[in-house]
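# Notes for the structure review
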Amino acid sequence: MAKKRATAGCELANTLLDLSSGAYLIRIRYQILRTPNFSTHATLSKKHTGNSSLKCGLIFITRQFGLGSNLTSRRVTVGTAVLLLLFALSTLVASLSAPAFAQSTPPQGGTLILALPNTIDTFNQLQTNSYQAWYFNQLMYPDNGVPTSTGIVPVAVSHYWSNANATIWYFRVTPGMTWSDGVPANATDLAFSFQSMFTSYAWGAAGSLASYASLLNGNITSAIKVDNSSVVEVDFSKPFGLFGDIAGTENTPNFTPEHIWDHLLNQTAAPPPNFGTIVGAGPFYISNFHQGDDEITLLPNTYGTPWGGNSKGVPYLSQIDVQLVPSSSSLAVLLEGGSIDAAPLAPSDVAGVLSNPNIQVAATNGTGLWYIEFPSTTYPYNMTAFRQAMAYGINLNDLVTNALAGYGSPATSAFIPPSNSPEYNSSVPAYAYNPNMSTSLLQSLGFKMGSNGFYNLPNGTAFQPPLYVPSEQTEIVLAGTLIVRDLNAMGIDAVLRPIATTSMSSIWYQGINMYLEEQNFGYPNSELLTDDSFYSFYTTAGPTQGVAFANATVSREYNTTVAQLEASGNQSQRYQLEQKIEGIIGNYLPSIPLFYPDFIWGFNRADFGGWPTPPSSFELPGAVLNMTALSDIYQISPTHSQSASTVTTTASPATTTVVMTSTGSPSVATTTASVGTTVTSVVTTTAVSSSSNTTLYAALAVIVVIIVIAAAIMATRRKR
């Protein structure tokens, strides 16, 4: 124990001395060298050498000043020893009195207020039609992984692998997860979740992997098994090289607590809406929500999670209140007025909110795609030339400039963004805005111009297709308005139909409607190319889309390529097959890609710190709240102030991110970060706490006492 104390004292002394400024070192060295008979004065007694901190401090200084390394063999004046001790203590005072520039431990507590557009119909993952419900479902029940343009970000599954021929797959549960009721989350929950994903229910729903059930080696229960507390095994009857990526991104239902949902998911009756208090594994869980409430209360998971927060993984905030507002246009007003702390923003609102110096806006490149969906097997949408005519007639650059205010990029006919390298096919057709080509294609199909200035169908029937858009999302309504304008200009009498997102299911799957839809077609395998993400070629025949395309030749080529892709265990070959599929879809256009919008969030930094900044964001692809970001936000006390600084990271590939501040001027920076963005960090300045002041005053008192003692000793020596 004595040795440990001596070592600790030595480390403290050296640390204190290391912290001193160069000016102090020079001054002390000068004073020591001027001391007469330095080597002939009083020796350090055993009592003195017993003080390890002082001894180590003196040894350090003599080494620094070239005075020798064996201090015990030197004779040093008591005054010099006192002087050195004063030096060490003065260094302590300097370090205590220096301002702290970062808060090492954010405070616990505080209520954050967010806002989202739309209402909640149900939190039942298999039945909700609410876009915003997924923000909370994925917060309660984490995705296995989130596909981004640079790879799958692990969430509930830390990683996955297969045997050599990809017939057996293994998935490891992310460690450190606990359900908010205190039950540990483990492989039993993941196996239950996978089994639910492969199941079709008699009451009219199916898990996201149900079309692959025929490939399992045995029934759902026997093919999906728990190997140990952290690993789940899935067995197939033939090679399935794509399954790891698909299961890593397709999550309906998501990672779900088996002990809660085992008796709720069955073949006879649909589960309840899942209102009330929800047991989740994320950093926050829903507390006491009722049908029709316009606010959702989130409480912290006190058992901790792997996603940030304090040293135990518990979020800093004591509560998050999420207001549900009718339209995204309300969010900017609420943010500017200070009644909310953060919200996703419509691109057109960014310039306005930046007039408030407390508001910062971070825009991050997204991988979600908005596109026009329609029944591609129903006339006239079943004609490739008609779909191409519409594609040529819509000005995508104009949509990005005006509907998105520049916060996004035009889509490619491959449906995936070019950032999805190396799988992206750069040779897909480009449908650049060309109204003359649109007119030529329509006329080649026999469309006739009517007296009202719009084309009729070849049989003379008027053609007035509706375009449905989610009414709560301002920028999408504006995009729909511009699309209808373009279609009208090319002679198609389209009509805009804004509709509540929760009512969109009434026009899905009907085979007669045209509407705007969003999917996250992220890296690495672009799920839309191989499964039922497209309603226009949706079937339940299996993993290959039996009647996916109206054209039998195209359908056969597509299905053959998908089968090869799924069976391939070679990554390079999979990239080639994915590019081939992109070419098929790019030429055939089962839907019309429009744009990839940025994620735009605004936040008020006057009262809270720890805000997410690019590449982190409140939102990840696919309407997923960033759990890490929510965990790391903390309330700032009145004595805190903050300023923004920009840090650029380096890795690959390069992307351009715009970070806006209250100056109203965009700061555009291109980096090569692995997540492809410029990082804007918020630095918090913390005032010296009262405990630090107490320590400082105590140190000053000790110094005063030592000075008095030193003066007395020196006076005594003079008398001698």
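The structure displayed is predicted, hence computed values, not measured ones.

### Section: the overall build of the protein
A count of helices and strands for the protein gives 20 helices and 31 strands. Of all 720 residues assigned to the protein, the portion counted as buried reaches 53%. Taking contacts inside the protein between residues at least 6 apart in sequence as the whole, the part at least 24 apart equals 70%. A total accessible area of about 29500 Å² is found for the protein, and carbon and sulfur atoms account for 54% of it.

### Quick notes on the packing of aromatic side chains
Two aromatic rings are characterised by how far apart their centres lie and by the angle between their planes. Within the structure shown, the criterion is met by 30 aromatic pairs. Measuring from centroid to centroid gives 6.2 Å for Phe123 and Phe136, while their planes differ by 80°, and the two rings are edge-to-face. With Phe123 in the loop between β1 (111-117) and α6 (131-140) and Phe136 in helix α6, this pair connects stretches of sequence that are 13 residues apart. Grouping residues by exposure puts Phe123 and Phe136 together as buried. Aromatic side chains Phe171 and Phe243 sit 5.7 Å apart centroid to centroid with 90° between the ring planes, which places their arrangement in the edge-to-face category. Of this pair, Phe171 sits in strand β5 (residues 168-173) while Phe243 sits in helix α9 (residues 243-249); the two residues are 72 residues apart in sequence, bridging distant segments of the chain. Summarising the burial analysis for this pair, Phe171 and Phe243 share the class buried. A network of ring pairs unites the aromatic residues Tyr160, Trp169, Phe171, Phe194, Phe198, Tyr212, Phe236, Phe240 and Phe243 as a single cluster.

### Comments concerning the packing of helix α13 (residues 384-393) against helix α15 (residues 435-444)
For the pair α13 and α15, the least separation of the axes is 7 Å and the interaxial angle reads 160°. One element, α13, and the other, α15, form an angle in the roughly antiparallel class. Relative to α15, α13 is oriented so that their crossing is left-handed. Contacts between α13 and α15 involve Ala385, Phe386, Gln388, Ala389, Tyr392 and Gly393 on the former and, on the latter, Pro435, Met437, Ser438, Leu441 and Leu442. Broken down by class, the residue content of the contact of α13 with α15 amounts to eight nonpolar, three polar and no charged.

### Section: the environment of Ala247
Looking at the secondary structure, you find Ala247 in helix α9. Ala247 sits 50 residues away from Met197 along the chain, and the two C-alpha atoms are 9.2 Å apart. Those residues in contact with Ala247 that sit more than four places away from it in its chain are Asn144, Phe171 and Phe194.

### A few points about unusual backbone geometry
Phi is mostly negative for residues that are not glycine, and the peptide bonds are mostly trans. Put simply, Tyr379 and Pro380 share a cis peptide bond, and its omega is 0°. In this structure, Pro380 sits in the loop between β15 (368-373) and α13. Positive phi outside glycine occurs at Ala166, with the angle close to 60°. In the Ramachandran plot, Leu589 falls in the positive-phi region, its phi being about 55° despite a non-glycine side chain. Assignment of secondary structure puts Leu589 in the loop between α18 (571-588) and β22 (592-597). Classification of Leu589 as buried rests on a relative accessible area of 1%.

### Quick notes on empty space enclosed by the protein
On inspection of all chains with the given rule, the structure shows four cavities of 30 Å³ or more. As a volume, the largest cavity reaches approximately 350 Å³. Those elements giving two or more residues to the lining of the largest cavity turn out to be β1, α6, α16 (474-489) and β23 (599-604). Of the residues forming the lining of the largest cavity, the biggest block, three residues, is contributed by α6. A breakdown of the residues in the lining of the largest cavity according to their chemical character gives 16 nonpolar, three polar and four charged.

### Side note on the sheet that holds strand β4 (residues 157-162)
Spatial strand order, β4-β5-β9-β8: four strands in an open sheet with antiparallel pairing. The open sheet terminates on both sides in strands that have one partner only, identified here as β4 and β8 (224-226). Averaged over all pairs of adjacent strands, the angle between strand axes in this sheet comes to 20°, irrespective of strand direction. The pairing of β5 with strand β9 (residues 231-235) spans five bridges and is antiparallel. Bridge pairing in β9 links Tyr170 to Glu233.

### Some thoughts on helix α11 (residues 329-337)
Within α11, burial applies to Leu331, Ala332 and Leu335. The arc enclosing the buried residues of α11, seen along the axis, measures out at 95°, which places them on a common side. With respect to the buried face of α11, the exposed residues turned more than 90 degrees away are Val333 and Gly337. If you follow the buried residues of α11, they end up packed against β1, β12 (319-325), β13 (342-344), α12 (350-353), β14 (359-364) and β23. Positive backbone phi, at 85°, marks Gly338, one or two positions downstream of α11.

### Considering the sheet that holds β22
The six strands lie next to each other as β16-β22-β15-β21-β19-β20, forming an open sheet whose pairing is mixed. Looking along the sheet, the strands with just one partner apiece sit at the ends: β16 (408-410) and β20 (495-499). Neighbouring strand axes in the sheet, compared pairwise and without regard to direction, differ in orientation by 30° on average. Both β15 and β22 contribute to a ladder of three bridges, which runs antiparallel. Paired with Tyr371 across the bridge in β22 is Pro593.

### Brief notes about the environment of Val226
Along the chain, Val226 falls in strand β8. Of the residues examined, Val226 reaches a relative accessible area of 41% and is grouped as partly exposed. For the pair Val226 and Leu190, spaced 36 residues apart in sequence, the C-alpha to C-alpha distance is 8.6 Å.

### What to know about the nonpolar core
If you look at the biggest cluster of nonpolar residues, it comprises 97 residues, and the most contacted ones within it are Phe136, Phe243, Ile296 and Leu298. Setting aside residues no more than four positions away along its own chain, Phe136 makes contact with Leu116, Ile120, Phe123, Ile286, Ile296, Leu298 and Val322. Formed by 41 residues, the second largest nonpolar core is a distinct cluster that contains Ala391, Leu396, Tyr455 and Phe463.

### Some details on the pairing of β4
Pairing analysis gives five bridges linking β4 to β5, with the strands arranged antiparallel. By the bridge assignment for β5, Trp161 is matched with Tyr170. Adjacent in sequence and paired antiparallel, β4 and β5 are bridged by five residues, among which Ala166 carries a positive phi angle near 60°.

### What to know about the pattern of salt bridges
Taken as a whole, this structure holds three salt bridges when the rule is applied. Measuring nitrogen to oxygen at the nearest pair gives 2.6 Å for the salt bridge that ties Arg485 to Asp398. One end of the pair, Arg485, is in helix α16; the other, Asp398, is in helix α14 (residues 396-403), and 87 residues separate them in sequence. We classify Arg485 as partly exposed; its relative accessible area is 39%. Using a relative accessible area of 16% as the deciding quantity, one classes Asp398 as buried. A salt bridge links Arg485 to Asp486, with the shortest nitrogen-to-oxygen separation between them at 3.0 Å. If you follow the salt bridges from partner to partner, you end up with Asp398, Arg485 and Asp486 in one network.

Calculation notes
- Within every chain, residues take consecutive numbers counted from 1 along the sequence as written.
- Selection of residues for local features in this predicted model requires a pLDDT of at least 70, selection of side-chain atom pairs for listing and counting requires 80 or more, and totals for whole chains, interfaces and linings are taken over all residues.
- Processing note: side-chain calculations cover all non-hydrogen atoms of the structure and skip hydrogens and water entirely.
- Helix and strand assignments come from DSSP, with helices taken as H or I runs of at least 4 residues and strands as E runs of at least 2, each series counted from the N terminus.
- Here's how the labels work: a residue is buried when its accessible area is under 20% of the maximum for its type, exposed when over 50%, partly exposed in between, all with a 1.4 Å probe on protein chains only.
- Contacts are assigned to residue pairs that have any heavy atoms within 4.5 Å of one another.
- Each accessible area is a Shrake-Rupley estimate made with a 1.4 Å probe; only the visible protein chains count as cover when residues are assessed.
- Stacked, edge-to-face and tilted labels apply to pairs of Phe, Tyr and Trp rings (six-membered ring for Trp) whose centres lie within 6.5 Å, assigned for plane angles under 30 degrees, over 60, and everything in between, in that order.
- Between N-to-C directions, angles cover 0 to 180 degrees, with each direction set by a line fitted to C-alpha atoms, over the stretch in contact for helices.
- Any angle from 65 to 115 degrees is called roughly perpendicular, while one under 35 is roughly parallel, one over 145 is roughly antiparallel, and all others are oblique.
- Here is the rule for handedness: rotate from the far helix to the near one, and if that takes an anticlockwise turn smaller than a right angle the crossing is left-handed, while a clockwise turn gives right-handed.
- In this count, Pro and Cys sit with the nonpolar residues alongside Ala, Val, Leu, Ile, Met, Phe, Trp and Tyr, while Asp, Glu, Lys and Arg are called charged and the others, Gly among them, polar.
- Cavity and pocket criteria rest on a 1 Å grid covering protein atoms alone: a 1.4 Å probe that fits but cannot get out defines a cavity, protein on both sides within 12 Å along at least 5 of 7 lines defines an open pocket, and an atom within 4 Å of a point defines a lining residue.
- Grid points are joined across faces, edges and corners, and a volume is the space filled by probe spheres set on the points.
- When DSSP finds at least two bridges between two strands, those strands are taken to pair.
- The directions considered for the arc run from the helix axis to the C-beta atoms.
- To form a nonpolar core, buried Ala, Val, Leu, Ile, Met, Phe, Trp, Tyr and Cys residues must be joined to one another through side-chain atoms within 4.5 Å.
- By convention in these notes, a salt bridge is any Lys or Arg side-chain nitrogen within 4 Å of a carboxyl oxygen on Asp or Glu.

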